[in-house]
Amino acid sequence: MTWRVDFVDRFTYSVQHSLSLADGLDNIQLNADKIAGTSYFAKEPRRVEFECFRDGWIEQNILSGEHEYDRYISHFLVRLYEGSTLVFHGIIDTSFLSHNAKTDIVAFTCYDYLRLFAKFDDQTMLYALHSGYQADYCFRYLAQGIEVALGNEITIPCSWYGYTPLQIAVEGLQILRLDWLRMVRKFRQWNGQLTCYCGFRYTPMYSGDYVPEFRLFFYCEHTHEGNIQCKVYARKFRFYNAICWVEDDDAEIDEKSEMFSTGDYDEMIAWRDELCEEYVPFEPWGSARTFHHCGNIYSIGILDVDLDDATAPDYKYVTYTGNAIPANLYPKGFYEGENEPLEKLKALKAALLLHNLTIVSLPGGTLRLVNKDDASNTVTTIDSADVIEFKRKRLNRSRPDTSVLDCLVGDTTNLKQLIADYYETLFCQTWSLEATVDNLAKYDLSLFDKLLIEGEQYRITELQRDPKADEYKLKAWEV
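Residues numbered from 1 in each chain as written. Predicted model: local features only at pLDDT ≥ 70, side-chain atom pairs only at ≥ 80, totals over all residues. Heavy atoms only, no water.

### Things to note about unusual backbone geometry
Glycine aside, residues mostly have negative phi angles, and peptide bonds mostly take the trans form. For the bond from Val280 to Pro281, the omega torsion is 0°, close enough to zero to count as cis. Structurally, Pro281 can be placed in the loop between α5 (265-275) and β20 (290-293). The backbone of Asn27 shows a phi angle near 50°, a positive value even though the residue is not glycine. In this structure, Asn439 is a non-glycine residue whose phi angle is positive, near 80°. (Helix = DSSP H or I, 4+ residues; strand = E, 2+ residues; numbered from the N terminus.)

Here it is as structure tokens:
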């Protein structure tokens, strides 16, 4: 098997320098293409290591340090060919360069573009779109930010078409608990009738109907010796990321008026309406106990007995029916009024975890956003005669690190539990496969391809080509 390394121009990919085995290219190591276990974040960056003799071009363009960006990224890209087949395209990480002055051998370490995500993990932005951010937005914004940081001199090719957002259906999920009895008892000593406006609407500050809002407004009057006063208690909540509530603390009202004469009743109502201008008028939201949003339903039930402290329940709940996984994410920083940028990598990790997505690197360098459990691609049947080694074992169940969802707006407690349960269920009955398959020319395999081996289907999660032995070594999960 012949190998060749081309150092190519970052703009045109034209070859600037080339090395073959005859030129002293040696110790070529292309690590396995794999995802990081059962974790949420993509695959590990693909790494290539090789050695060669120092020559004039390498001295001037690599070792001199004059042709590289900050963070130890060379101006030149590397392409590795196995015979005539391109098997790797990526960056030179100059922080791993070494030169043995005695032997005059230079050792290189190169990575695919996914490595740049870790090198630029401090990239931030203010997430402020009214409609939120789909997973591909999070993916693209990070890649584009890195390109800008590199002076738009290195392009990170990305592909995101065809992925499917995750859906977890719930019915009557309790997403907001209200300390109901405590609120009702605020009016215990008042002799008027307690009125409650309670319902949903869209948040009016946005230009589109994107964020559901829940409002709660208690009102009661009290008369004494020909005088009258009123008391108001009001709260407002918004639901981001489908089921994550945020309370608008600035909208909370817990006030009572001064005593008015009964003849000045209209003045008291004017005082109330001025105090509660965010809630007036009370209709139609004040009776909208069921609210439809993007095919999902928010609801709360209020009965007359719920307004009597003798019969009121301790708690009332806003419930949710539909898909609990948001197609559009709302990261922290803007929607709560803070105007604080957030690390782009945090938003991307949250999107990948929520939708069981990963990022794979194609041999030509393109990073592609895909579903881990995508069942749409074709199945490659491996002949039994070509299976040199075949070992099955139960997949170790891994509880995901749901703390990555802390970057999302709202109370993510329910979201974390649903995601943790989803992954535990997904992997609890899964078998994994370790196999060696003969004949590289017969099978064109890539990471995440589906295989049929010994009557069972598997999805490749780790793949290593061994040209010398003419075989694949692979790991896979049962589909």
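Moving on from the coordinates now.
### Focus: the pattern of salt bridges
Counted by the stated rule, this structure contains 30 salt bridges. In this structure, the salt-bridge partner of Arg238 is Asp248, at a minimum N-O distance of 3.7 Å. Taken together, the residues span a long stretch of sequence, with Arg238 in strand β16 (residues 227-240) and Asp248 in the loop between β17 (244-247) and β18 (253-256) at a distance of 10 residues. On the basis of relative accessible area, Arg238 is assigned to the buried category, the value being 9%. The salt bridge partner of Lys391 is Glu434, with a shortest N-O separation of 3.9 Å. (Salt bridge = Lys/Arg side-chain N within 4 Å of Asp/Glu carboxyl O. Buried < 20%, exposed > 50% of the residue type's maximum accessible area, 1.4 Å probe, protein only.)

### So, the sheet that holds strand β22 (residues 316-323)
Taken in spatial order, the four strands make up an open sheet running β13-β22-β21-β20, and their pairing is antiparallel. Where the open sheet ends on each side, the last strands, each with one partner, are β13 (169-178) and β20. Across the sheet, the mean angle separating the axes of adjacent strands is 20° when strand polarity is ignored. Pairing of strand β21 (residues 296-299) with β22, which is carried by three bridges, proceeds in the antiparallel orientation. Paired with Ile297 across the bridge in β22 is Thr321. (Pairing = 2+ DSSP bridges. Axes fitted to C-alpha atoms, helices over the stretch in contact; angles between N-to-C directions.)

### Here's the deal with the environment of Met125
Looking at the secondary structure, you find Met125 in strand β11 (residues 124-125). You can call Met125 buried: its relative accessible area is 16%. The spacing of Met125 and Ala327 is 202 residues in sequence and 20 Å in space, taken between C-alpha atoms. Those residues in contact with Met125 that sit more than four places away from it in its chain are Tyr133, Tyr141, Pro341, Leu342 and Lys344. (Contact = heavy atoms within 4.5 Å.)

### Describing the layout of surface pockets
Approximately 690 Å³ is the volume found for the largest pocket. Taken together, 38 residues line the largest pocket, and the ones lying closest to its centre are Leu362, Pro363, Leu445, Ser446 and Leu447. Those elements that provide at least two residues to the lining of the largest pocket are β8 (85-93), β24 (357-361), β25 (367-371) and β30 (456-466). A breakdown of the residues in the lining of the largest pocket according to their chemical character gives 19 nonpolar, nine polar and 10 charged. (1 Å grid on protein atoms, 1.4 Å probe; cavity = no way out; pocket = protein on both sides within 12 Å on 5 of 7 lines; lining within 4 Å. Points joined across faces, edges and corners; volume = space filled by probe spheres on them. Nonpolar A, V, L, I, M, F, W, Y, C, P; charged D, E, K, R; others polar.)

### A few points about the packing of aromatic side chains
The relative placement of two aromatic rings is captured by the distance of their centres and the angle of their planes. Applying the stated rule across the entire model yields 32 aromatic pairs. With centroids separated by 5.3 Å and ring planes inclined at 40°, the aromatic side chains of Trp160 and Tyr161 adopt a geometry described as tilted. On the accessibility criterion, Trp160 (17% relative accessible area) is buried. Taking relative accessible area as the criterion, Tyr161 reaches 65% and is therefore assigned exposed. Relative to Phe282, the ring of Tyr197 lies with its centre 4.4 Å away and its plane at 10°, an arrangement referred to as stacked. With a gap of 85 residues between them, Tyr197 in strand β14 (residues 195-202) and Phe282 in the loop between α5 and β20 connect regions that are remote in the sequence. Judged by relative accessible area, Phe282 falls into the buried class, the value being 9%. (Phe/Tyr/Trp six-rings, centres within 6.5 Å; stacked < 30°, edge-to-face > 60°.)

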